[in-house]
Amino acid sequence: MSNAIDPLLTPFALGKLKLRNRFVMAPMTRGHSPDGIPGENVAAYYRRRAEADVGLVITEGIGIDHPAAIGSGSMGESNIPLLHGDAALEGWRHVVDEVHQAGGLIMPQLWHMGVIRMAGTGYHPEVPSARPSGVWGPTEKGMMPPEYLAEMAKPTAPLTDSEIGDIIAGYARSASNAYKLGFDGIAIHGAHGYLIDSFLWWATNQRTDKWGGDIARRATFAAEVVRAVRAATSPDFPIIFRFSQWKLQDYSSFNAANPAELEAMLGPISDAGVDLFDASTRIFSTPAFDGSDMGLAGWAKKITGKPSMMVGGVGLSRDLQSSFAQETHVVNNLDLVEERFARGEFDLVAIGRGLLMDPQWVRKAKTGEAFNPFSLAAYATLN
Ligand SMILES: Cc1cc2nc3c(=O)[nH]c(=O)nc-3n(C[C@H](O)[C@H](O)[C@H](O)COP(=O)(O)O)c2cc1C
């Protein structure tokens, strides 16, 4: 691999937090926490990456304290961890301690599945799924099993104002729990068609009250979540907000058609107290809009003035979705990463599958050793 990555090995200050380098472990669902409780294997999994020089670990998505947060989603998820209840919190305390002992930093990814959750599943099968307008979105483009899509196509009751308030309070309680446990910040999952993104996307948010309307109004829920997380933690506790254009319902759809719409969307979320934007793309170097080759993380940084993180395809020949169907292998594209980093497009680089396949990925990027090969079988163990 490239040995020209020295700039990516420089430290980065995210508020009071000092990352030892620019490489971040991207959030990746594992489903190894029965009853929502992370055990020793979860601690060992994150410790392995922290020991091998990852600058910051963002955990797998963790269900917020709301009964409809977690269920079986488009991948039939189960055993998703929670961030409330004594046993789960004790489990996370141990995870945090292990990562800190290994010299690392760790933030939980707060997750509410929203419209993607299959009704009748999860820790509270009795509650309905949370949908801003009672719809999952257009089902023609979803690449999920037909039985899942048929179920999702059934309209349900839109969230009421008071139900929305309850969910925001759930985010706040979970953030407060994380703060007290000693996590190093909060990462909010606002992407991929899940609850927060379903407020941002026109296809799933057709509301005419304060939670819907133009793109700035559709960002109200996200902004309120950020504000609640800020209020539940402290003024200097780092908050990372992940957003995307793509959705599980439609990989080619988007929230913002141009930079002006992106500004209208991210502005209120940024003002609510975000410290860094995590722009989730399938391939980091894909131009976000016509007329410029800048990626989405570059636009987020330019528009908000906040630092940003990119993700998608670092070290691999194919993006996440196509890697399931087409042969994928390890490639050397750190030169391209470095080139865009030098242009100031982003401050941090998130690595997903690379770090899944190879816990030593960051250390090997430093030394130039070969990475472990890509293998779909690794998803079965997520070790
Ligand atoms: C097994 C797996 C689970 C994932 N789970 C999550 C998740 O819980 N939350 C999230 O925001 N993204 C999730 N992602 C997306 C990754 O964070 C990342 O954005 C994506 O894999 C692209 O990065 P990569 O090309 O380096 O793998 C997941 C990806 C994988 C491979």
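Placed above this text is the structure.
Below, the structure is looked at part by part. Source: prediction; values computed, not measured.

Turning our eyes to something else, we now look at the nonpolar core. Residues Y46, F221, F241, F243, L262, I269 and W361 are the most contacted members of the largest nonpolar core, which totals 107 residues. The biggest single contributor to this core is helix α4 (residues 161-181), with eight residues. Residues contacting F221, with those up to four places away along its chain left out, are I164, I167, I168, Y171, L195, I196, F199 and W211.

The next thing to look at is the packing of aromatic side chains. Going through the model one piece at a time under the given rule, you end up with 18 aromatic pairs. With a centroid separation of 6.0 Å and 80° between ring planes, the pair formed by W136 and Y148 is classed as edge-to-face. You can see W136 sitting in the loop between β5 (106-111) and α3 (146-152) and its partner Y148 sitting in helix α3, a full twelve residues away along the chain. You can call Y148 buried: its relative accessible area is 4%. Through a chain of ring-to-ring contacts, three or more aromatic side chains come together here, namely F23, W361 and F371. Against the face of Y45 rests R30, its NZ or CZ located 3.9 Å from the ring centre. Over the ring of Y251 we find R282, and its NZ or CZ is 4.9 Å from the ring centre.

The next thing to look at is the pairing of β5. Counting buried positions along β5 gives six out of six residues, so the element sits mostly inside the fold. Running through helix α2 (residues 86-101), the crossover from strand β4 (residues 56-63) to the neighbouring parallel element β5 is right-handed. Two elements, β5 and strand β6 (residues 186-189), share two bridges in a ladder whose sense is parallel. Pairing of Q109 across the sheet is with A187, part of β6.

Strand residues, when the strand is regular, have side chains that alternate between the two faces of the sheet. Because side chains alternate across strand β9 (residues 308-311), one face comprises the buried residues S308 and M310, and the other comprises M309 and V311, equally buried. Bridge count for strand β8 (residues 276-280) against β9 is four bridges, and the pairing is parallel. Within β9, the position partnered with A279 by the bridge is M310. Between the parallel pair β8 and β9, the chain is carried across by helix α9 (residues 296-304), and the sense of this crossover is right-handed. Two elements, β9 and strand β10 (residues 348-351), share three bridges in a ladder whose sense is parallel. Looking across to β10, one finds that M310 is bridged to V349. This β-α-β element, β9 to helix α10 (residues 334-342) to β10, shows right-handed connectivity.

Moving on: the sheet that holds β8. The parallel closed barrel is built from eight strands, whose spatial order is β3-β4-β5-β6-β7-β8-β9-β10. Averaged over all adjacent pairs, the angle separating strand axes in this sheet is 25°, with direction ignored. Pairing between strand β3 (residues 23-25) and β10: three bridges, direction parallel. What sits directly across from M25, in β10, is I351. Packed onto the sheet, helix α1 (residues 40-51) meets β3, β4 and β5 and runs at close to 150° relative to β4.

A separate point is empty space enclosed by the protein. Throughout the structure, instances matching the rule amount to two cavities of 30 Å³ or more. The calculated volume of the largest cavity comes to roughly 50 Å³. Taken together, G315, L316, V330, G354, M357, D358, W361, F371, N372 and F374 make up the full set of residues lining the largest cavity. Within the lining of the largest cavity, the residues separate by chemical class into six nonpolar, three polar and one charged. What the second largest cavity holds in volume is close to 30 Å³.

Rules behind the numbers
Residues numbered from 1 in each chain as written. Predicted model: local features only at pLDDT ≥ 70, side-chain atom pairs only at ≥ 80, totals over all residues. Heavy atoms only, no water. Core = buried A, V, L, I, M, F, W, Y, C linked by side-chain atoms within 4.5 Å. Buried < 20%, exposed > 50% of the residue type's maximum accessible area, 1.4 Å probe, protein only. Helix = DSSP H or I, 4+ residues; strand = E, 2+ residues; numbered from the N terminus. Contact = heavy atoms within 4.5 Å. Phe/Tyr/Trp six-rings, centres within 6.5 Å; stacked < 30°, edge-to-face > 60°. Lys NZ or Arg CZ within 6 Å of the ring centre and 35° of its normal. Right-handed = clockwise from strand over helix to strand, strands pointing away. Pairing = 2+ DSSP bridges. Axes fitted to C-alpha atoms, helices over the stretch in contact; angles between N-to-C directions. 1 Å grid on protein atoms, 1.4 Å probe; cavity = no way out; pocket = protein on both sides within 12 Å on 5 of 7 lines; lining within 4 Å. Points joined across faces, edges and corners; volume = space filled by probe spheres on them. Nonpolar A, V, L, I, M, F, W, Y, C, P; charged D, E, K, R; others polar.

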